[in-house]
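The lines below spell out each chain.
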Amino acid sequence: MISTTPPAAAGAAVRRRPVPWAKLGWVTLRQRRGAMIGAGALLGAFAVYLAVMAVIQNNAYGTVAACHPAAASKCQQLLQLFTSSYWGGSNSVLQSGGAQTVSSLMFAVPVLVGAFIGAPLLARELETGTFRFAWTQGAGRTRWAVSTLVLPAALLTAVMGAFTALFYWYYRPFLEDGQVSSMLPLSFALLGVAFAAWTLFSFSLAAFLGAVFKRIVPAMAVTLIVYIALALATATAIRPHYETPVTVTGWNGASGAGWVTGSWLNSPSGQPVSENEQIALLNQLPASALNPPPGNQKKPPADSRSGDPFTNWLVAHGYKVGQTVQPNARFWRFQLTEGGWLLAVSALLLGGSVGLVRRRGA
């Protein structure tokens, strides 16, 4: 008797099980280890510098803070020495440039790290055609794109959050001394959640543009342009309007207490005074008001909130002076606002990247 095996019924073919997410994540980390090692080395070297200088600066500022009374000549000399040594730069190679320069350089970190890591993720695979191999190995387009983007994005955001904490330790003496306000554009994007949020945005933008252009270099170039434009627009036009600024009397009363977004001067009749008119008024100010003789200083008017002779003279003659300020007390509300919309935009960009991959022809 001859036995035959019946043919398999149509549609009875066994479907290959998809690759588990854990294995996809492992492959993603293995493929991107070069970029991750490079970024880690760059950030690690920067972190060592910040840690060393944080110890030195905090110890030096502890000496300044312990000096009493603060108005004494000795204490003022210690403060001036601290500021000139660590804020504005010094002759030491280790302290070269000071915190002012370091904070300026920090603004380039999010866009450079995000662009160099994010742009090649999809662009290199699409440019070389190696994505086709991944799609035939049980990964699928959506799972491949999600694992390629989400895991590096989460790791990068976590690392930048830790880096922000280190930078705050380094920067803390200047914030406590009032040398700079945490609300100022020089500091705001480097503290809180903003630094990590801007890095995530840069990464997501670069990945999306990589999926659009399918080329690494154009994606990185456009990322730099868009990032810089949005960062400048945010600092000058968007962030000041997260909340209505507070109006304070005087021109110097908000020093160290927030971000001064504007100032105004009205004449005794209530009319605004132009800048040229202010210069003319300053030229008319008596020398005795600018440099009153010892023992003959007049107490500043109650509504001037300033020790500035020009401001006090204006108030004494019926002028109204003031500033619009975003106070330091709003720091975390502004941080969460900015971090929230950057997170939302980043999620949309990552989702758009996955959508472009799904529509990509094999």
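Throughout what follows, the structure given in this document is the object of discussion. (Residues numbered from 1 in each chain as written. Predicted model: local features only at pLDDT ≥ 70, side-chain atom pairs only at ≥ 80, totals over all residues. Heavy atoms only, no water.)

## A word on the overall build of the protein
Logical step 1: On a plain count of helices and strands, the protein comes out with 14 helices and three strands.
Logical step 2: Of the contacts made within the protein by residues no fewer than 6 positions apart, 79% connect residues no fewer than 24 positions apart.
Logical step 3: If you sum the accessible surface of the protein, you get close to 19,400 Å²; carbon and sulfur atoms cover 64% of it. (Helix = DSSP H or I, 4+ residues; strand = E, 2+ residues; numbered from the N terminus. Contact = heavy atoms within 4.5 Å. Areas by Shrake-Rupley, 256 points an atom, 1.4 Å probe, with all protein chains shown as cover.)

## Some points on the packing of aromatic side chains
For any two aromatic rings, the description comes down to two numbers: the centre-to-centre distance and the angle of the planes.
Logical step 1: With the rule as written, the count across this model stands at 18 aromatic pairs.
Logical step 2: On the basis of an interplanar angle of 45° and a centroid distance of 5.4 Å, the ring pair of F82 and Y86 is categorised as tilted. On the criterion of helical spacing, the pair formed by F82 and Y86 is a turn pair, its members being four residues apart in helix 3 (residues 73–86). Considered together, F82 and Y86 belong to a single accessibility category, that of buried residues.
Logical step 3: When the ring of W87 is compared with that of F174, the centres are 5.2 Å apart and the planes differ by 50°; the resulting orientation is tilted. (Phe/Tyr/Trp six-rings, centres within 6.5 Å; stacked < 30°, edge-to-face > 60°. Buried < 20%, exposed > 50% of the residue type's maximum accessible area, 1.4 Å probe, protein only.)

## Structural notes on the pattern of salt bridges
Logical step 1: Considering all chains together, one arrives at four salt bridges under this definition.
Logical step 2: With a closest N to O distance of 3.3 Å, R333 and E243 form a salt bridge. With R333 in helix 14 (residues 331–358) and E243 in the loop between helix 10 (216–238) and strand 1 (246–249), this pair connects stretches of sequence that are 90 residues apart. (Salt bridge = Lys/Arg side-chain N within 4 Å of Asp/Glu carboxyl O.)

## Some points on the environment of V354
Logical step 1: Examined against the element boundaries, V354 turns out to sit in helix 14.
Logical step 2: Judged by relative accessible area, V354 falls into the buried class, the value being 16%.
Logical step 3: Sequence-wise, V354 and A207 are 147 residues apart; in three dimensions their C-alpha atoms are separated by 9.8 Å.
Logical step 4: In this view, V354 contacts T142, A145, V146 and L149; residues no more than four positions away in its chain are not counted.

## Looking at the sheet that holds strand 2 (residues 258–266)
Logical step 1: With antiparallel pairing, the three strands of this open sheet are ordered in space as 1-3-2. One side of each edge strand has no neighbouring strand; the edge strands of this open sheet are strand 1 and strand 2. For this sheet, the mean angle separating the axes of adjacent strands, direction not counted, is 30°.
Logical step 2: One ladder, built from eight bridges, connects strand 2 with strand 3 (residues 320–327); its direction is antiparallel. In the sheet register, S263 faces strand 3, and the bridge partner there is Q323. (Pairing = 2+ DSSP bridges. Axes fitted to C-alpha atoms, helices over the stretch in contact; angles between N-to-C directions.)

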